[in-house]
Structure formats: structure tokens, C-alpha cells
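Analysis of the macromolecular model
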Amino acid sequence: MNLYQKKFDRIKNAKTFTLKKDFSFGSLSFFSLALFMVAGAWVELLIYPSFPLEGIAMLISFVLVMAIIIALLPMWLIVIALLFFMWLSVMGKLSIYLYPLAGFATVGILLSCGVQLVQHWDKVVVLRLGKFRKVHGSGLFFLIPLVDRIAEFVDMRIRATDFSAEKTLTKDTVPVHVDALAFWMIWDAKKAILEVENYTEAVILSAQTALRDSIGKYRLSSLLSEREELGKEIQQSLDAKTNPWGVSILSVEITDIIIPKELEDSLSKQAQAEREKEARIILGAAEVEIAKKFTEASKQYSNDTVALQLRSMNMIYEGIRQNNSMMLLPASILDHMDLGAVLGSAAIQRAQEAKERTLEE
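Report follows, based on the coordinates. (Residues numbered from 1 in each chain as written. Predicted model: local features only at pLDDT ≥ 70, side-chain atom pairs only at ≥ 80, totals over all residues. Heavy atoms only, no water.)

**Some remarks on the environment of Leu 73**
- Mapped onto the fold, Leu 73 is located in the loop between helix H3 (53-72) and helix H4 (76-91).
- We classify Leu 73 as partly exposed; its relative accessible area is 33%.
- For the pair formed by Leu 73 and Phe 25, sequence separation is 48 residues and the distance between their alpha carbons is 9.0 Å.
- Contact partners of Leu 73, with chain neighbours within four places excluded, come to Leu 19 and Ile 78. (Helix = DSSP H or I, 4+ residues; strand = E, 2+ residues; numbered from the N terminus. Buried < 20%, exposed > 50% of the residue type's maximum accessible area, 1.4 Å probe, protein only. Contact = heavy atoms within 4.5 Å.)

**Observations concerning the packing of aromatic side chains**
- Per the stated rule, a full pass over the model turns up six aromatic pairs.
- When the ring of Tyr 48 is compared with that of Tyr 97, the centres are 5.2 Å apart and the planes differ by 70°; the resulting orientation is edge-to-face. Residue Tyr 48 is located in the loop between helix H2 (27-47) and H3, and its partner Tyr 97 is located in the loop between H4 and helix H5 (99-114); the two are separated by 49 residues in the primary sequence.
- Its relative accessible area of 45% is what places Tyr 97 among the partly exposed residues.
- Ring geometry for Trp 184 and Tyr 199: centres 6.5 Å apart, planes at 70°, overall edge-to-face. Taken together, the residues Trp 184 in strand S7 (residues 175-186) and Tyr 199 in helix H7 (residues 199-215) connect sequence positions 15 residues apart. Comparing Trp 184 with Tyr 199, the two get one shared label, buried.
- Members of the aromatic cluster, each reached through a chain of ring pairs, are Tyr 48, Tyr 97 and Tyr 99. (Phe/Tyr/Trp six-rings, centres within 6.5 Å; stacked < 30°, edge-to-face > 60°.)

**Focus: the packing of H7 against helix H9 (residues 227-242)**
- Two numbers describe how H7 lies on H9: the axes approach to 9 Å, and their chain directions differ by 135°. As the angle between them shows, H7 and H9 are arranged oblique. In this structure, the crossing between H7 and H9 has a hand that is right-handed. Along the contact surface, H7 presents Val 203, Ser 206, Ala 207, Ala 210, Leu 211, Ser 214 and Ile 215, while H9 presents Leu 230, Glu 233, Ile 234, Ser 237, Leu 238, Lys 241 and Thr 242. (Axes fitted to C-alpha atoms, helices over the stretch in contact; angles between N-to-C directions. Parallel < 35°, antiparallel > 145°, perpendicular 65-115°, else oblique. Left-handed = near helix turned anticlockwise from the far one by under 90°.)

**Side note on the sheet that holds strand S2 (residues 122-128)**
- Taken in spatial order, the three strands line up as S3-S2-S5 in an open sheet, and their pairing is antiparallel. Looking at the sheet topology across the chains shown, the edges are occupied by strand S3 (131-136) and strand S5 (148-155). Taking the axes of each pair of neighbouring strands and ignoring which way they run, one obtains an average angle of 25° across the sheet.
- As judged from the seven bridges shared by S2 and S5, these two strands associate in the antiparallel manner. Residue pairing across strands places Leu 127 opposite Arg 149, the latter belonging to S5. (Pairing = 2+ DSSP bridges.)

The quantities given are spatial measurements derived from coordinates; they are silent on function.
As C-alpha cells, then:
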């Protein structure tokens, strides 16, 4: 026994035993059953007016407990077993004279189990004697007791499912952990129920497989910079697989990409080195441009010594004004600047401009 158990442990997503309901026993079903019980009690009192009310109350309580059990385990097998047990109790412990109320209770339970209400966003796949009967939309409908059963309630709204791929190698053999989010919906409830056993699990497993396959086709740099392309590729391959199941994949988004810590540090250093390289290239290009401007300026200053001297004086003035401090200059620099000649030339130019204004007036 243990050997077989170990073999089954190796199988991922092995099929487990689950109870599938045949119908839905809701508030409308309880209300319908209550109407039948009231009618049954009235008929019981009409036939046997002197029958004790304690016996009627006991049977009604017993039927209420049956309804609660059916609501928890809505299967036709459970309904038949409870009805059989009820009639045994009526025949044995209670009283054979409760048969009118028990008959109404039997019919009420069977018919109330057939009353079904489907929400606006759901669709229901109905089977009759094990074969597909129809897909029922939202609203109220009725199941034939013991003949019809509901395969499943299918939610037709858009769903968001997260999935991930752990320790998956990229094209350049880098292990990464990728988290993704898929938006999908069911467009054909019949195919989703009849073509695949568990469509939710099938979509998630297919999405993980498609994600792993796509990661192996990309290098790490491309994986980090081309998330949208990766998501579109996964969406197309996944939609082609799930479309025959009545499932449509609307979009796949990559939410997070986690790389090893050591590789994170290496990539950070590489990015820093690339930024320093770009900064040095930009600085060198700026130096070249500045040198070209200086060359052009030198050509202008070579033909005009006064402009060169004025530029020198302006540089000294700007340095003193910006730093707001004292600047020490050699005494010979004043002779080199020839301030007298410069100021004289400036004065002559101003006098000539004033003379020209008086002649114009």
C-alpha cells in the first residue's frame, strides 16, 4: 500500500475525490418546500382533525433538517436516502396516519430541488440521464427530479489569474523568477465543461508552461526590456491552446522579474560603468566644441588687440565679482594690458560718437 502511495505522490495534480452537486438548493427551494409543508399540514388536519399537533410539528421539523442537509449536499442520491429514511420513520416511530403530510413533503422536496435560479453572469450546463441537454442562461428554470442534473455553474465574467515560473533559465542560462498575470474569460460554457475536466487548473498549468517556454527564447537583457512582447507571445500561444476549450485569453502581463542577488550587483556595476562611459564621451564632445569656439574667437582677437585686452579685463572683473573676494595680480599684467591706451581709445570713440550726435541735431 505504501509503495503505491509513493508512486501517486510523484504525480503532480493527481485527481482527487470530490463531491459534485447535482443541483442548487437555495432560498427559492426553501420557500417552495415551505408552501408544500403548509399545504400538507392543512390536508392532514382535514383528513384527521383529531390528530395530535405534536406529531405534525415533529415531522415538519424532520423535513426542515432534511432540507438543511440537502442544501449542504445537493445530490439526488442524498435526496433519495433522506426520503427513504423519512418514510421509515413515519411507518415506524411516528404514525402511519401522517402519510398525507409525508406525501406532500416528498413531492415538495423533489420539486423544490428542481427549482433553480441562475445569476446574470452565470451559465449552467444541464445533463439529462448523463447526456448533454442544453446550456441555460440567467433566470429561473426547472430540473426534472432524478433525471436532470447540473454539471456546473460557469462564471462568464473576465477573470484575473496570477501564475509564475520559478528558477527558469533564459537563453543565456541565467536563472530567473518571473511572475505574470493573465486575463481570460469563458466564451463557450459547453466546451469548457465537456472538453476539459478542470478548465481553471488547465489554464493555469498551460500558462506556466507557455511562460517557461517563452523565457527560454529570450536573453536576460531582452527579457527585462521587452516585457510587452513577451506578454503578447505568451497570450497568442496560450489562446491557441485554450480556444478549443471555450476559453479565450485576453491578455498576459509580466508583473515582476526576479534575478539572483549576485547577478543584481554585477548588473548594477555594469550599468554604472556604462553611465560613466557615456558621461566621459559627452564631456569629450563638449571639450571639442569648446575648443572649436575658442579657435574661432582667437581669430577674431588676433585682428583686434583692444578687444583682446577688454576681454582680459572683463575676465578679471567677473572673477572678482562672482567670488566676492580679493584677487592678487602681478604688477606687470597692467603694463601688458596697456590700460592707458585702451582707456584712451575708448574715450576717443565716445567723443567721436558725441560729435556725430551734435552734427545730426
